[in-house]
Amino acid sequence: MNTIPPTACPAWKKLEAHAENWRGARLVEIFANDPARATAFATAMPGVRLDYSRQRVGALTLTLLAQLAAERGFEAWRAALFAGEKINATEGRAAGHAALRAGDAAPAEVRDTLRRMKELSEKIISGKKFDRIINLGTGGSDLGPRLVADALACVKGAGAPDVRFVAGVDPRELERALAGARSDSTLFVVVSKTFDTQETISNAKIAKEFLKGKANLYAVTANQEAARQFGASEILPMWDWVGGRYSVWSAAGFSAMCAIGSAAFTEFLAGAREVDAHFLSEPPERNIPALMALLGIWNVNFLGAATQAVLPYAHGLRLLPAYLQQLEMESNGKRVDREGRETGYATAPVLWGAEGTASQHSFHQLLHQGTQIVPVDFVVAGIDPLLDANAEAQSRALAFGTAGQALPPYRQYPGNRPSSTLCLEGLNARNLGRLIAAYEHKVFTQGVLWNINSFDQWGVELGKQLAQDILKQKA
């Protein structure tokens, strides 16, 4: 696999020269000269369509980006990912999250765990012993299952418990989750790979006090002995080849399964599995995750974008930007490449966003008329024509502005601001699985092109160590 910096690749140098041709190009003129652009610059996979016609790219741009991917060894890295090779070199681990949703082809330990998750969740729902489940986790042990439970709240069946999530160490968060709860009908699910995560274990100790000796505590962990000693009555495994921010497909998603039901969770896994097949088989020009990655590289490294906005036009996807913040910035927020060299080029942009249409009344002013150009991903789900119309209107305004209109300067929209639109065929479990998996593979692809390890997160360690030292000093 290629170990030279991406900036030394021939395609990178060609892209730098090519970008000069695009700095003065105007989307309004490009569309006027190419009536077929909206069709030509779009592609689809089951349940999801990507329209990137309002990105500032042309056919040659995509050819050069695909050439860069080839020079970076993208196909070899992709094969290594799915083969379970130890591509997380700094930790000596594989990144095996795709195996978690591989269905009948999954490892036996994955299939056994999924079977146990279904048994436990169905017993909880049918037995109605627990009317509340509180998931205690943080980072990937919280953001993924929280997103799934919130996005698919509409599929919750009769008898499903009230599932709540606690991630922070502020005791008021747990107090709110416990409001109105009874110790005999509340189940805590403690999710921590090491079972020593400070925030999670601190909350778990409070939970034990609340339970007053009742065995209503499950654990999801790789440290089963610590969980047993803590008093967990059921333990579901985690494995070191699954990173936290990629763990929603595993037993870390148990609380989400309890919220939406095992049948919906199975659909969620199936949707992701379809994207895995698409990502493995399609060439870059028809490969949605790869295209998303290449467009991001173009915007960040050649057009100078420093941030990326994700705007879901569906209330059920309101937590998607927060989920993607960890997925993208913890994965690719790196300044050192795989060979330990300073990159000297930008990697992950700052990702932010919020639910539309509410965000139209807060920060869209900056998107349309601010001094920074922010590429946008619009995510629409076909839920309501009014929502879809608002997303389309925002995309058009960003791209075309008020070109040709005689308006005072303060009412002018400059336009020429890039966006893509991901269109889901409804918001359901299968499409949610497709959407999350697409972003996962986008992040992986960008890591390959930037020559960085997307699967470690050493940048979070120092602050945790310092916090422990400060606590010891105050003790």
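Relevant structure appears above.
Okay, so let's go over this structure. Note that the structure is a prediction, hence the values are computed from the model and not measured. (Residues numbered from 1 in each chain as written. Predicted model: local features only at pLDDT ≥ 70, side-chain atom pairs only at ≥ 80, totals over all residues. Heavy atoms only, no water.)

1. Examining the pairing of strand 8 (residues 307-313)
Rules: Burial here depends on accessible area, computed with a 1.4 Å probe over protein chains only, as a share of the maximum for the residue type. Under 20% is buried, over 50% is exposed, and the range in between is partly exposed. A run of DSSP states H or I qualifies as a helix once it reaches four residues; a run of E qualifies as a strand once it reaches two. Both are numbered from the N-terminal end. Pairing between two strands is assigned when DSSP locates at least 2 bridges connecting them. A clockwise path from the first strand over the helix to the second, with the strands pointing away from the viewer, defines a right-handed crossover.
Most of strand 8 is tucked away, with seven of its seven residues classed as buried. Here strand 8 shows a buried face lined by T307, A309, L311 and Y313 and a second buried face lined by Q308, V310 and P312. For strand 8 and strand 9 (residues 350-352), the ladder comprises three bridges, and the chain directions are parallel. Each residue of the ladder has a partner; that of A309, found in strand 9, is W352. Crossover connection from strand 8 via helix 14 (residues 320-332) to parallel strand 9: handedness right-handed.

2. Notes on the packing of aromatic side chains
Definition in use: Only centres within 6.5 Å qualify two rings of Phe, Tyr or Trp (six-membered ring in Trp) as a pair; their planes then separate them into stacked at under 30 degrees, edge-to-face at over 60, and tilted for everything else.
Evaluated as defined, the whole model comprises 18 aromatic pairs. Relative to F254, the ring of Y218 lies with its centre 6.1 Å away and its plane at 45°, an arrangement referred to as tilted. Placement of the pair is Y218 in strand 6 (residues 217-221) and F254 in helix 11 (residues 254-260), with a sequence separation of 36 residues. With a relative accessible area of 11%, Y218 lands in the buried category. In this structure F254 comes out as buried when scored by relative accessible area, which is 0%. Ring plane angle 80° and centroid distance 6.3 Å describe the contact between F279 and F444, whose orientation is recorded as edge-to-face. Of this pair, F279 sits in helix 12 (residues 262-281) while F444 sits in helix 17 (residues 429-450); the two residues are 165 residues apart in sequence, bridging distant segments of the chain. Judged by relative accessible area, F279 falls into the buried class, the value being 0%. Since its relative accessible area comes to 3%, F444 is described here as buried. Site record: aromatic cluster; members linked through ring pairs are F74, F82, Y246, F279, F444 and F455.

3. Some thoughts on the side chain of R56
The condition that has to hold: The convention is simple: Lys and Arg are positive, Asp and Glu are negative, and His and the chain ends are not counted. Within this document, salt bridges are pairs made up of a side-chain nitrogen of Lys or Arg and a carboxyl oxygen of Asp or Glu, the two lying within 4 Å of each other. Pairing of N or O atoms within 3.5 Å defines a polar contact, subject to two protein rules: one partner must be a possible hydrogen donor and the other a possible acceptor, and residues neighboring in sequence count only if both atoms are side-chain atoms. The criterion used for residue contact is that any of the two residues' heavy atoms lie within 4.5 Å.
Along the chain, R56 falls in the loop between strand 2 (48-51) and helix 4 (59-71). One buried charge, R56, has no salt-bridge partner; the nearest side chain with opposite charge is E20, at 10 Å. Of the polar contacts made by the side chain of R56, one reaches the backbone oxygen of W22; its length is 3.2 Å. Among residues more than four places away in sequence, those in contact with R56 are W22, R23, L27, W298, L303, I373, N416 and P418.

4. Remarks on a nonpolar patch on the surface
The following threshold applies: Like charges within 9 Å and nonpolar side chains (Val, Leu, Ile, Met, Phe, Trp, Tyr) within 5 Å are joined into patches, using only residues over 30% in relative accessible area that form no salt bridge. To be clear on the numbers: accessible area is Shrake-Rupley with a 1.4 Å probe, and residue cover counts the displayed protein chains and nothing else.
Side chains of L462, L466 and I470 sit close together on the surface and give an oily, nonpolar patch of about 280 Å² of accessible area. Position of L466 among the secondary structure elements: in helix 18 (residues 461-474). Under the relative-accessibility criterion, L466 is labelled partly exposed at 43%.

5. Re the packing of helix 14 against helix 17
Applicable threshold: Helix axes use the C-alpha atoms of the stretch in contact, all axes being lines fitted to C-alpha atoms, and the angles between their N-to-C directions lie in the range 0 to 180 degrees. For this classification, under 35 degrees means roughly parallel, over 145 means roughly antiparallel, 65 to 115 means roughly perpendicular, and everything else is oblique. Less than a right angle of anticlockwise turn of the near helix away from the far helix marks a crossing as left-handed, whereas a clockwise turn marks it as right-handed.
Two elements in contact, helix 14 and helix 17, have axes separated by 10 Å at closest approach and are oriented at 20°. The orientation of helix 14 with respect to helix 17, classified from their angle, is roughly parallel. Between helix 14 and helix 17 lies a crossing of right-handed hand. Between helix 14, through L320, Y323, L324, L327, E328, S331 and N332, and helix 17, the contact on the second element is made entirely by L435, I436, Y439, E440, K442, V443, Q446, G447 and W450.

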